[in-house]
Amino acid sequence: PYDNWCVIDDAFHPLWYNTANRQFFELSWLRPADIPDDLEIPRPLPVMPTEADEHIVSKMIYLNEFTGDYYHEYIEPLVSHLRFPLTK
């Protein structure tokens, strides 16, 4: 019954938003009244991106000038808080 509510929980200030509302943004720093207080929200897990996630995460590509090999570092966990939660 709470399918439309999502939470972005940084373990400090959770941000709730309603994905069913397409007319205006329904955002709240407080738990919405229709979600019971005893409903447990799982703790956020760390994101470990892989090459399969390249269409949704940001990365930096580096060149090793000695070997000519490229390597990449995903930066999304560092900058994900800069994105607005309802962007596509």
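Scope of this entry: the structure provided in the associated data block.

Parameters and conventions
- Throughout, a residue's number is its position along its own chain's written sequence, starting from 1.
- Local features in a predicted model are, by the rule used here, given only for residues with pLDDT of at least 70; side-chain atom pairs are given and counted only at 80 or more, and totals for whole chains, interfaces and linings are based on all residues.
- Hydrogens and water molecules were not included; the side-chain quantities draw on all heavy atoms of the structure.
- Numbering of helices and strands runs from the N terminus; a helix is a DSSP stretch of H or I covering at least four residues, while a strand is a stretch of E covering at least two.
- Summary of the burial criterion: residues with accessible area below 20% of their type's maximum are buried, those above 50% are exposed, and those between are partly exposed, where the area comes from a 1.4 Å probe applied to protein chains only.
- Whether two residues are in contact is decided by their heavy atoms: any pair within 4.5 Å suffices.
- Accessible areas in this description were obtained via Shrake-Rupley with a 1.4 Å probe; residue shielding takes into account the shown protein chains only.
- Pairing between two strands is assigned when DSSP locates at least 2 bridges connecting them.
- Counted as a polar contact is a pair of N or O atoms within 3.5 Å, where, for protein atoms, one must be capable of donating a hydrogen and the other of accepting one, and residues adjacent in sequence contribute only when both atoms are in side chains.

So, on to the overall build of the chain. Broken down by element type, the chain carries one helix and five strands. Of all 88 residues assigned to the chain, the portion counted as buried reaches 12%. Counting contacts in the chain only where the partners sit at least 6 residues apart, residues at least 24 apart contribute 27% of the total. Surface exposure of the chain reaches about 7,700 Å², of which carbon and sulfur atoms provide 58%.

With that settled, consider the sheet that holds strand E3 (residues 27-28). As summarised here, the arrangement of the three strands in space is E1-E2-E3, forming an open sheet in which the pairing is antiparallel. Each edge of the open sheet is held by one strand with a lone partner, namely strand E1 (5-8) and E3. Across two bridges, the pairing between strand E2 (residues 15-18) and E3 is antiparallel. The partner of Tyr17 across the bridge, within E3, is Leu27.

Its place among the elements puts Arg31 in the loop between E3 and strand E4 (59-63). We classify Arg31 as partly exposed; its relative accessible area is 30%. Those residues within four positions of Arg31 in sequence are excluded, and the remaining contacts are Trp16, Pro36, Asp37, Leu39 and Ile41. For Arg31, the side chain forms a polar contact with the main-chain oxygen of Pro36, separated by 2.9 Å.

Before going further, it helps to examine the environment of Trp5. Relative to the elements of secondary structure, Trp5 occurs in strand E1. Judged by relative accessible area, Trp5 falls into the buried class, the value being 14%. Sequence spacing of Trp5 and Arg31 is 26 residues, and the spatial spacing of their C-alpha atoms is 9.8 Å. Ignoring any residue separated from it by four or fewer positions in sequence, one finds Trp5 in contact with Trp16, Tyr17, Asn18, Glu26, Pro32, Asp34 and Ile35. Among the polar contacts listed, one links the side chain of Trp5 to the side chain of Asp34, at a separation of 3.4 Å.

Moving on to the environment of Leu30. With respect to the helices and strands, Leu30 occurs in the loop between E3 and E4. Considered as a pair, Leu30 and Pro14 are 16 residues apart in the sequence and their alpha carbons are 7.7 Å apart.

Right, let's get into the side chain of Asn18. Checked against the element boundaries, Asn18 lands in strand E2. A distance of 2.9 Å separates a polar side-chain atom of Asn18 from the backbone nitrogen of Ala20. Of the polar contacts made by the side chain of Asn18, one reaches the side chain of Glu26; its length is 3.0 Å. Those residues within four positions of Asn18 in sequence are excluded, and the remaining contacts are Asn4, Trp5 and Glu26.

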